[in-house]
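Chains, contacts and geometry: an overview
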Amino acid sequence: MDKMWSGRFSASASNLLDQFNASIMYDRKLYREDIEGSLAHAAMLAKQGILTTEELIQITAGLNQVREEIESGAFEWKISDEDLHMGIEKRLTAIIGDAGKKLHTARSRNDQVAVDFRRYVIRKNSEIVDAIKLLMNEVLVIADKHTETLIPGMTHLQHAQPINFAFHLGAYLSMFKRDIERFESSIKRNNVSPLGCAALAGTPHDVDRKMTAELLGFDSVSVNCLDTVSDRDFALEILFNVSTMMMHISRLSEELVMWSSYEFGFVELSDEYSTGSSIMPQKKNPDVPELLRGKTGRVYGSLMGLLTVMKGLPLAYNKDTQEDKEGVFDAVETAEISLEILKEALKTMEVKSYNMEKACAIGHLSATDLADYLVKKCNIPFREAHFITGRAVAKGEELNVDLSKMDFKYLKEIDNRIDEDVMAYLGLRHSMNARTSEGGTATARTKEQLEYFKNYLKD
Ligand code: ARG
């Protein structure tokens, strides 16, 4: 009968129940948040005259000692204590005696866990933002060197139009910026204090919720206690935001895997971030991007898991909610290592510009430029220009020569209105640099985009 809640029970909990019911083996990750929450709660109780100054001094010293014990590894985490809240409170009372028993006045584990978990998630949101920024900086280092490196822009994984490699990377910079904005907006929405909601209905004690909110770095106090003790939107949001970010990382990873193949040969990952095969001695495998792609699936799993846990819960707190933590811990830690290893893999990756440019010479990448020429120079309606260009492409296929290298006489045969100056338009670099519309791939426009991201990262 060593449970804190054992008053109404006459038999002890079975070992099996302890194992099934306990969260202490994983929620102990929240020990810092839990102790800080208790310190703030105790300070508030003392200010309100609910604890004496002497009791506050004892509780503060006791909690600091517990923190030291946890950090030095001396603290004994016991499954029979059920969760970290009870484990810590029990140890506190063992150290300081009766004052420890007063700490839980005007508080429930329901608002306590909501405080701890919410603060952990808020902290992780901003740590992930910092890590995304570091990754973006690394992408910018590569992009800066490749504003003129041609690479086939694709749709349907088919050669479409020539672009430059920095422009391609700029697409990922845009995605990562949106990711940052999502994490930041989640912080703004969710940084409200649950402390003082107690079990579900508030408390008859004269608490000062504003004071604890401020001490704990929350922006404000939550509005409705019934909602607050059962709300896990903040956890769902970080799972969704991490899932979306991982989806972006996964798309880049997919390209890195393809680009590392002999067929593409656009990049080579460094030895440090590649692996070999146990049977085929010649192999150099892009395990890092493959695993990033794979881990994305696992992160989605955590999002679906928590959405499913939450969907049928009546108000207010239900023990089902205890299942919120492991998925979030796993998703957040997966995201953190993913951001870090992607950054390092990119930093040490070799970009094979020559192969990128060589690949542009196949697939008539400047076909749209011929159509645009016919429209602009010859005043031919676009639909007709498209058809004429199609004939030119067919000719190229027949002769096994790319449109950009075709002998002018064939073009003239196809349509007499075409002049020799067309050949300048069909050059691949010209094609890339012709796309000068805002947000386009022309080197000058690409440089503007890189400037935009650099400025964004500055503030
Ligand atoms: N370990 C619990 C959780 O993580 C803490 C809250 C428990 N509250 C309760 N009334 N059983 O959700």
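Residue numbers run consecutively from 1 along every chain, following the written order of its sequence. Thresholds applied to this predicted model are a pLDDT of at least 70 for local features of residues and 80 or more for the giving and counting of side-chain atom pairs; totals over whole chains, interfaces and linings are not thresholded and use all residues. Excluding hydrogens and water, the side-chain values take into account all heavy atoms of the structure.

**Considerations on the overall build of the protein**
Tallying secondary structure elements over the protein gives 19 helices and six strands in all. Throughout, radius of gyration means the C-alpha value; the globule benchmark is 2.2 Å times the number of residues raised to the power 0.38. The C-alpha atoms of the protein give a radius of gyration of 31 Å, which is well past the 23 Å a tight globule of 459 residues would have. Principal-axis analysis of the C-alpha atoms gives the protein an extent of 100 × 55 × 40 Å. The contacts of the protein with a sequence gap of at least 6 include a subset with a gap of at least 24, amounting to 76%. Carbon together with sulfur atoms contributes 53% to the accessible area of the protein, which is approximately 22100 Å² in total. For the purpose of charge, His is not counted, nor are the chain termini; Lys and Arg are scored as positive and Asp and Glu as negative. Charge coordinates come from a single atom per side chain, which is NZ of Lys, CZ of Arg, CG of Asp or CD of Glu. Positive and negative side-chain charges of the protein, numbering 56 and 70 respectively, have mean locations separated by a distance of 2 Å. Strands are runs of DSSP state E lasting at least two residues, helices are runs of H or I lasting at least four, and both sets are numbered from the N terminus onward. Residue contacts are counted whenever heavy atoms from the two residues lie within 4.5 Å of one another. The Shrake-Rupley method, run with a 1.4 Å probe sphere, supplies the accessible areas, and residue values consider only the shown protein chains as cover.

**A few points about the packing of aromatic side chains**
Any aromatic ring pair is given by two values, namely how distant the centres are and how the planes are angled relative to each other. Pairing of aromatic side chains requires ring centres within 6.5 Å, counting the rings of Phe and Tyr and the six-membered ring of Trp. Pairs whose planes differ by under 30 degrees are stacked, by over 60 edge-to-face, and all others tilted. Taken as a whole, this structure holds 11 aromatic pairs when the rule is applied. When the centroid spacing of 6.5 Å and the interplanar angle of 15 degrees are considered together, the rings of Phe117 and Tyr120 count as stacked. With Phe117 and Tyr120 both in helix H6 (residues 109-145) and three residues apart, this pair spans about one turn of that helix. Residues Phe117 and Phe234 carry aromatic rings whose centres are separated by 5.7 Å and whose planes lie at 70 degrees to one another, so their mutual orientation is edge-to-face. With a gap of 117 residues between them, Phe117 in helix H6 and Phe234 in helix H10 (residues 233-259) connect regions that are remote in the sequence. Residues Phe117 and Phe234 agree in their burial class; the two are buried. A connected cluster of aromatic rings, assembled from ring pairs, spans Phe117, Tyr120, Phe234 and Phe329. Each residue gets one of three labels from its accessible area relative to the maximum for its type: buried under 20%, exposed over 50%, partly exposed in between, using a 1.4 Å probe on protein chains only.

**A closer look at the side chain of Asp179**
For Asp179, the location among the structural elements is in helix H7 (residues 165-190). With near-sequence residues (within four places) excluded, Asp179 lies in contact with Ile132, Thr244, Met245 and His248.

**A closer look at unusual backbone geometry**
In this chain, Leu315 is followed by Ala316 through a cis amide linkage whose omega measures 0 degrees. Inspection of the secondary structure puts Ala316 in the loop between helix H11 (287-310) and helix H12 (324-347). The phi dihedral of Glu82 is positive, around 75 degrees, even though this residue is not glycine. Turning to its location among the elements, Glu82 is positioned in the loop between helix H4 (53-72) and helix H5 (84-96). A residue is classified by how much of its surface remains accessible, and Glu82, at 5% relative accessible area, is buried. A positive phi angle, close to 65 degrees, is found at Ala106, a residue other than glycine. Here Ala106 lies in the loop between H5 and H6.

**Let's talk about the site of the ligand**
We call a residue near a given molecule or strand whenever any one of its heavy atoms falls within 4 Å of it. Close to the ligand lie Ser23, Asp83, His85, Arg109, Asn110, Val113, Tyr317, Gln322 and Lys325, which account for all nearby residues. Two N or O atoms form a polar contact when they lie within 3.5 Å of each other; inside protein one atom must be a possible hydrogen donor and the other a possible acceptor, and for residues adjacent in sequence the pair counts only when both atoms belong to side chains. One nitrogen or oxygen atom from the side chain of Asp83 is found 2.9 Å from a nitrogen atom belonging to the ligand. Here a nitrogen atom of the ligand sits 3.4 Å away from a polar atom, N or O, in the side chain of Arg109. Its free accessible area being 340 Å², the ligand has 86% of it covered by the protein chains. Sort the elements by how many residues they give to the shell around the ligand and H6 lands first, with three residues. In the scheme used here, Gly and all other residues not listed as nonpolar or charged are polar, with Ala, Val, Leu, Ile, Met, Phe, Trp, Tyr, Cys and Pro taken as nonpolar and Asp, Glu, Lys and Arg as charged. Along the lines of polarity and charge, the residues of the shell around the ligand split into two nonpolar, four polar and three charged.

**Examining helix H14 (residues 367-378)**
Expected helix span is computed as 1.5 Å times (number of residues minus one). The terminal C-alpha atoms of H14 lie 16 Å apart, and with 12 residues this matches the ideal 16 Å at 1.5 Å per residue to within 8%. Of the positions making up H14, those classed as buried are Ala367, Asp369, Leu370, Ala371, Tyr373, Leu374 and Cys378. Buried-residue contacts for H14 involve helix H15 (382-399), helix H16 (408-414), helix H17 (422-426) and helix H18 (428-434). Directly beyond the C-terminal end of H14, a positive phi value near 60 degrees is found at Asn379.

**Describing the packing of helix H3 (residues 31-47) against H4**
Between N-to-C directions, angles span 0 to 180 degrees; the directions come from axes that are lines fitted to C-alpha atoms, helices contributing only their stretch in contact. Viewed as axis vectors pointing N to C, H3 and H4 meet at an angle of 175 degrees, and their least axial separation amounts to 10 Å. Between H3 and H4, the crossing angle belongs to the class labelled roughly antiparallel. Counted together, Tyr31, Arg32, Ile35, Glu36, Ser38, Leu39, Ala42, Ala43 and Ala46 of H3 and Leu56, Ile59, Thr60, Leu63, Asn64, Val66, Arg67, Ile70 and Glu71 of H4 form the full contact between these two elements. Residue classes in the contact of H3 with H4 are distributed as 11 nonpolar, three polar and four charged. The labels follow the angle: roughly parallel below 35 degrees, roughly antiparallel above 145, roughly perpendicular from 65 to 115, and oblique for the rest.

**Notes on the pattern of salt bridges**
Any Lys or Arg side-chain nitrogen found within 4 Å of a carboxyl oxygen on Asp or Glu counts as a salt bridge. Scanning the entire structure with this criterion turns up 39 salt bridges. Between Asp18 and Lys3 there is a salt bridge, with its nearest N and O atoms 3.0 Å apart. You can see Asp18 sitting in helix H1 (residues 15-21) and its partner Lys3 sitting in the segment before H1, a full 15 residues away along the chain. Residue class for Asp18 comes out buried when judged on its relative accessible area of 9%. When its relative accessible area of 12% is taken as the criterion, Lys3 is described as buried.

**Focus: the environment of Thr147**
Relative to the helices and strands, Thr147 resides in the loop between H6 and strand E1 (150-155). You can call Thr147 buried: its relative accessible area is 6%. When the C-alpha positions of Thr147 and Thr446 are compared, they lie 6.7 Å apart, and in sequence the two are 299 residues distant. If sequence neighbours within four positions are ignored, Thr147 has contacts with Asn164, Ala166, Met432, Thr443, Thr446, Lys447 and Leu450.

**Observations concerning the environment of Phe183**
Residue placement: Phe183 occurs in helix H7. We classify Phe183 as buried; its relative accessible area is 0%. For the pair Phe183 and Glu214, spaced 31 residues apart in sequence, the C-alpha separation works out to 22 Å. Once you skip the residues sitting within four places of it in the chain, Phe183 turns out to touch Asn125, Ile128, Val129, Ile132, Ile238, Asn241, Val242 and Met245.

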